[in-house]
Amino acid sequence: MSVPTLTAMVVGSMVGAGVFSLPARFGVATGILGSLIAWAIAGTGMLMLAFVFQNLAVRKPELDSGVFIYAKAGFGDYAGFNSAIGFWASTIAGNTFYWVFISATLGAFFDAFGDGATVLAALLGSAGVWFFHTLIARGVRDAAVVNRIVTICKIIPILVFIVVLFLNFDAGVFADNWTAYGYGDLGNLDEQVRNTMIITTFVFIGIEGASVYSRYARRREDVGRATVLGFVSVLSLFALVTLSSYSVMPQPELAATRQPSMIGVFQSVVGDWGQTFISVGVIVSVLGAYLAWTLMAAEVMYIPARNEDFPKFLGRENDKGTPITALVVTSLAVQALLAATLVLEDALNFMLDLSTVLALLPYFLAAAYALKLGLSGEAYDGVAPRTRRKETIVAGVATAYTLFLFEAAGLKFIVLCTLILAPATLLYAKARSESGRRIFTPTEIALFALILVGAAVGVVGLWTGRITM
């Protein structure tokens, strides 16, 4: 893959459903001032994370197996396994969210789809899962080319949305939305910003897209360039969507807009044709992101299996070179979560939040590994001290940012993550036994015990109703 193709993978991974939900998600939480602060924090934190992936690609070029390999190299095999499982599970929850989001979009035209969690919606999602399964099974490179084309197509309606809304800029509405305090109690500025952190993180998931496909890059340094290029483009797009929405509609109306909220905002400005125009953009965008995320999910199972960190059966390929067993497991997992949406109270937001928190684990471990390299000096032989200091600071900021996001997400979702990691450890034990290696080191036993405690708390919480889904 060239730099443009890798960049398209990054953009395609990030520009999915999240951007179309931004107006209402921000409208519920904050005004313009809070949104600017939120984007500044998220932009800085995620840019530091983008630089981390760029720096790691340069300092450790031999680590070309995707995000999980950094956790393994820095903190051991079991940490690497949990990073891979966390990333994979994040893509599963994210892909399920995408099908719910598509159905919710169709719900504006056909009542049977409702808010995306009806029986008809689940059937549509199931058909889509296996259609894309078939497409990807034809070959990763073919699917990547499709993604590049789709990425271009889905950017157009977003750009049209931004331009049209700024052409209809209402200075009075914009001024009233500056703090939005006149509309009711949104809490202090700190609360407002915290309440936007999960959505700002969700829309940036996929920043590691080029890293996951590093083994397909023409040149290793292209991975870092594509990551930063894709990030800067997407940050600009997301911030402009948010600000343009505040320029045409009061904050309470934004907050009450049906998801995908970009549709309602655009329709209020241009009329009924805007509903169809943005709806088509939503569906194309989400399908493109689903393709990219499914590719990543299969890769994240396949590569560890080839490195003996996952059981061997997950490393099988078909005659097209596609990691077919990993792809089958991925499709089945999305199918299972689609069935679960029928009993969840708020399937859309639950899948969004779960996907985000699961992605924080591999992000945190990658940033912490970069920090460890900078502090220890490993991989910095012959590098100027100034460069090492700069990259260490970047890694430190990225590590602190991901820790802050864990705190912002709350204990509920952290506990739910351990409910996934605990049983998944059986795969780790099987992989270790297949290669005749010791299952845990003493440190890893302590980590596993901590995960088990979290899972036990989760089970009790769900049983007693203290944790709801």
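The structure reproduced in this document is the subject of the present report.

Calculation rules
- Residues numbered from 1 in each chain as written.
- Predicted model: local features only at pLDDT ≥ 70, side-chain atom pairs only at ≥ 80, totals over all residues.
- Heavy atoms only, no water.
- Helix = DSSP H or I, 4+ residues; strand = E, 2+ residues; numbered from the N terminus.
- 1 Å grid on protein atoms, 1.4 Å probe; cavity = no way out; pocket = protein on both sides within 12 Å on 5 of 7 lines; lining within 4 Å.
- Points joined across faces, edges and corners; volume = space filled by probe spheres on them.
- Nonpolar A, V, L, I, M, F, W, Y, C, P; charged D, E, K, R; others polar.
- Expected span 1.5 Å × (residues − 1).
- Buried < 20%, exposed > 50% of the residue type's maximum accessible area, 1.4 Å probe, protein only.
- Phe/Tyr/Trp six-rings, centres within 6.5 Å; stacked < 30°, edge-to-face > 60°.
- Lys NZ or Arg CZ within 6 Å of the ring centre and 35° of its normal.
- Core = buried A, V, L, I, M, F, W, Y, C linked by side-chain atoms within 4.5 Å.
- Contact = heavy atoms within 4.5 Å.
- Salt bridge = Lys/Arg side-chain N within 4 Å of Asp/Glu carboxyl O.
- Axes fitted to C-alpha atoms, helices over the stretch in contact; angles between N-to-C directions.
- Parallel < 35°, antiparallel > 145°, perpendicular 65-115°, else oblique.
- Left-handed = near helix turned anticlockwise from the far one by under 90°.
- Patch = residues over 30% accessible without salt bridge, like charges linked within 9 Å, V, L, I, M, F, W, Y side chains within 5 Å.
- Areas by Shrake-Rupley, 256 points an atom, 1.4 Å probe, with all protein chains shown as cover.
- Polar contact = N/O pair within 3.5 Å; in protein donor to acceptor, adjacent residues only side chain to side chain.

Time to look at unusual backbone geometry. Cis geometry marks the peptide bond from Gln259 to Pro260, where omega comes out at 0°. Along the chain, the position of Pro260 falls in the loop between helix H13 (251-256) and helix H14 (261-270). Although it is not a glycine, Glu308 adopts a positive phi angle of roughly 70°. By the element assignment, Glu308 lies in the loop between helix H15 (273-306) and helix H16 (324-340). For Ala379, which is not a glycine, the phi torsion comes out positive at approximately 75°.

Considering only enclosed or pocket space, the largest pocket measures out at about 530 Å³ in volume. In terms of lining, the largest pocket is formed by 21 residues, of which the most central are Leu361, Ile414, Thr418, Leu421 and Ile451. Of all the secondary structure elements, the ones that give two or more residues to the lining of the largest pocket are helix H5 (77-106), helix H17 (347-376), helix H19 (411-434) and helix H20 (442-464). Counted by class, the lining of the largest pocket contains 17 nonpolar, four polar and no charged residues. Estimates place the volume of the second largest pocket at around 390 Å³. If you go around the second largest pocket, you meet 16 residues; those closest to its centre are Ile92, Ala333, Leu337, Leu354 and Ile420. Sorting the residues of the lining of the second largest pocket by element identifies H5, H16, H17 and H19 as the ones contributing at least two each.

Before going further, it helps to spend a moment on helix H2 (residues 18-29). Helix length check: H2 (twelve residues) gives 16 Å between terminal C-alpha atoms against 16 Å at 1.5 Å per residue, within 8%. Along H2, eleven of the twelve residues are buried, which leaves the element largely enclosed by surrounding structure. For H2, every residue scored as buried is listed here: Gly18, Val19, Phe20, Ser21, Leu22, Pro23, Ala24, Arg25, Phe26, Gly27 and Ala29.

All right, on to the packing of aromatic side chains then. In this structure the tally under the stated criterion is 26 aromatic pairs. A ring pair is formed by Phe53 and Tyr70, whose centres lie 6.5 Å apart and whose planes are at 45°; its orientation type is tilted. Of this pair, Phe53 sits in helix H3 (residues 32-59) while Tyr70 sits in helix H4 (residues 68-75), placing them 17 residues apart in sequence. Residue Phe53 shares its accessibility class with Tyr70, and that shared class is buried. Pairing Phe161 with Phe266 gives two aromatic rings, centres 5.9 Å apart and planes at 40°, and the pair type is tilted. Of this pair, Phe161 sits in helix H7 (residues 140-167) while Phe266 sits in helix H14, and the two are 105 residues apart along the sequence. Through a chain of ring-to-ring contacts, the aromatic side chains of Tyr78, Phe81, Phe310, Tyr428, Phe440 and Phe448 assemble into a single cluster. The ring of Phe75 carries Lys372 above its face, with NZ or CZ at 5.4 Å from the centroid.

Turning next to the nonpolar core. One finds Val15, Val19, Leu22, Phe97, Phe161, Phe204 and Phe238 to be the most contacted residues of the largest nonpolar core, which totals 136 residues. Apart from the residues within four sequence positions on either side, Phe238 is in contact with Met14, Val15, Val19, Leu22, Trp39, Val203 and Phe204. In this structure, Met1, Ala217, Val223 and Ala226 belong to the second largest nonpolar core, which totals five residues.

So, on to the pattern of salt bridges. The final tally for this structure, using the stated rule, is eight salt bridges. Asp77 serves as the salt-bridge partner of Arg432, at 2.5 Å between the closest nitrogen and oxygen. Of this pair, Arg432 sits in helix H19 while Asp77 sits in helix H5, and the two are 355 residues apart along the sequence. The exposure classification of Arg432 matches that of Asp77, with both residues buried. As a salt-bridge pair, Lys430 and Glu434 come within 3.3 Å of each other at their nearest N and O atoms. Taken together, the residues span about one helical turn, with Lys430 and Glu434 both in helix H19 at a distance of four residues. Overall, the relative accessible area of 38% leaves Lys430 in the partly exposed class.

Moving on to the packing of H14 against H15. The interhelical angle for the contact between H14 and H15, taken along N-to-C directions, is 150°, at an axis separation of 7 Å. By the angle between their directions, the pair H14 and H15 is classed as roughly antiparallel. Here H14 runs over H15; the crossing is right-handed. From H14, Met262, Ile263, Phe266, Gln267 and Val270 reach across to H15, where they touch Trp273, Gly274, Gln275, Phe277, Ile278, Ser279 and Val282.

Taken as a whole, H4 has its buried residues at Phe68, Ile69, Tyr70, Ala71 and Gly74. Gly76 sits one or two positions beyond H4 and adopts a positive phi of about 105°.

The next point concerns empty space enclosed by the protein. This structure, assessed with the given rule, holds two cavities of 30 Å³ or more. In this structure, the largest cavity occupies an estimated 60 Å³ of space. What lines the largest cavity is simply Val52, Asn55, Leu56, Arg59, Ala370, Leu373, Tyr380, Glu391, Thr392 and Ala395. Where the lining of the largest cavity is concerned, the elements lending two or more residues are H3, H17 and helix H18 (385-409). Here the lining of the largest cavity gets four residues from one element, more than from any other, and that element is H3. Residues belonging to the lining of the largest cavity are distributed by class as follows: six nonpolar, two polar and two charged.

To continue, consider a nonpolar patch on the surface. There is a patch of nonpolar side chains on the surface, built from Val119, Leu120, Leu123, Leu342 and Val343 and spanning about 480 Å² of accessible area. Position of Leu123 relative to the elements: it lies in helix H6 (residues 119-137).

Let us now look at the side chain of Asn177. Position of Asn177 relative to the elements: it lies in the loop between helix H8 (171-176) and helix H9 (189-194). At 2.9 Å, the side chain of Asn177 forms a polar contact with the backbone oxygen of Tyr246.

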